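Coordinates in review
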Amino acid sequence: MRSPDGKYIVFACGTAGSESGPGDTDIMQLEVATGKIKSLLSHPAKDFSPCYSPDGSKIAFVSCRNQQSLDHF
């Protein structure tokens, strides 16, 4: 999703899984002018569906932070 000012794009980026289970998904931000990508959140859980608040000051996202929710993802 593009920020309200158009300068950034926020997205979820997945990692490869392993034999023990699926990989996680982290929240990243792309600076449109430079192409620079910055990790905003790195947590060993699935974080996804990021979106900017209307004024662009906050980013909301969905996260599966406990094993039960990961099992049903």
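To start, this report covers the structure provided alongside it.

The rules behind the values
Residues numbered from 1 in each chain as written. Predicted model: local features only at pLDDT ≥ 70, side-chain atom pairs only at ≥ 80, totals over all residues. Heavy atoms only, no water. Helix = DSSP H or I, 4+ residues; strand = E, 2+ residues; numbered from the N terminus. Buried < 20%, exposed > 50% of the residue type's maximum accessible area, 1.4 Å probe, protein only. Contact = heavy atoms within 4.5 Å. Areas by Shrake-Rupley, 256 points an atom, 1.4 Å probe, with all protein chains shown as cover. Pairing = 2+ DSSP bridges.

1. Describing the overall build of the protein
- Summing up its helical and strand segments, the protein has 1 helix and 5 strands in all.
- Classification of the 73 residues of the protein by burial places 22% in the buried group.
- Once local pairs closer than 6 in sequence are excluded, the contacts in the protein between residues at least 24 apart make up 27%.
- Accessible area of the protein: about 5,000 Å², with a carbon and sulfur share of 55%.

2. Some points on unusual backbone geometry
- Here Ser49, not a glycine, exhibits a phi torsion of approximately 55°, which is positive.
- As for its position among the elements, Ser49 is in strand 4 (residues 46–52).
- Among the residues examined, Ser49 registers a relative accessible area of 47% and is labelled partly exposed.

3. Topic: the pairing of strand 2 (residues 25–31)
- Counting buried positions over the 7 residues of strand 2 gives 5, a clear majority of the element.
- Here 7 bridges tie strand 1 (residues 8–14) to strand 2, and the two strands are oriented antiparallel to one another. Across the sheet, the residue bridging to Ile9 is Leu30, located in strand 2.
- Bridge analysis of strand 2 against strand 3 (residues 37–41) gives 4 bridges, and the strand direction is antiparallel. The residue bridging Gln29 from the neighbouring strand is Lys38, located in strand 3.
- In sequence, strand 2 turns back onto strand 3 through a hairpin of 5 residues, with Gly35 there showing a positive phi of about 80°.

4. With respect to the side chain of Ser3
- Residue placement: Ser3 occurs in the segment before strand 1.
- If we skip the residues at most four places from it in the chain, Ser3 touches Tyr8 and Tyr52.

5. Regarding the environment of Lys7
- Within the fold, Lys7 resides in the segment before strand 1.
- As for Lys7 and Leu30, which are separated by 23 residues in sequence, their C-alpha atoms are 8.5 Å apart.
- The contacts of Lys7, once residues within four sequence positions are left out, are Leu30, Glu31 and Val32.

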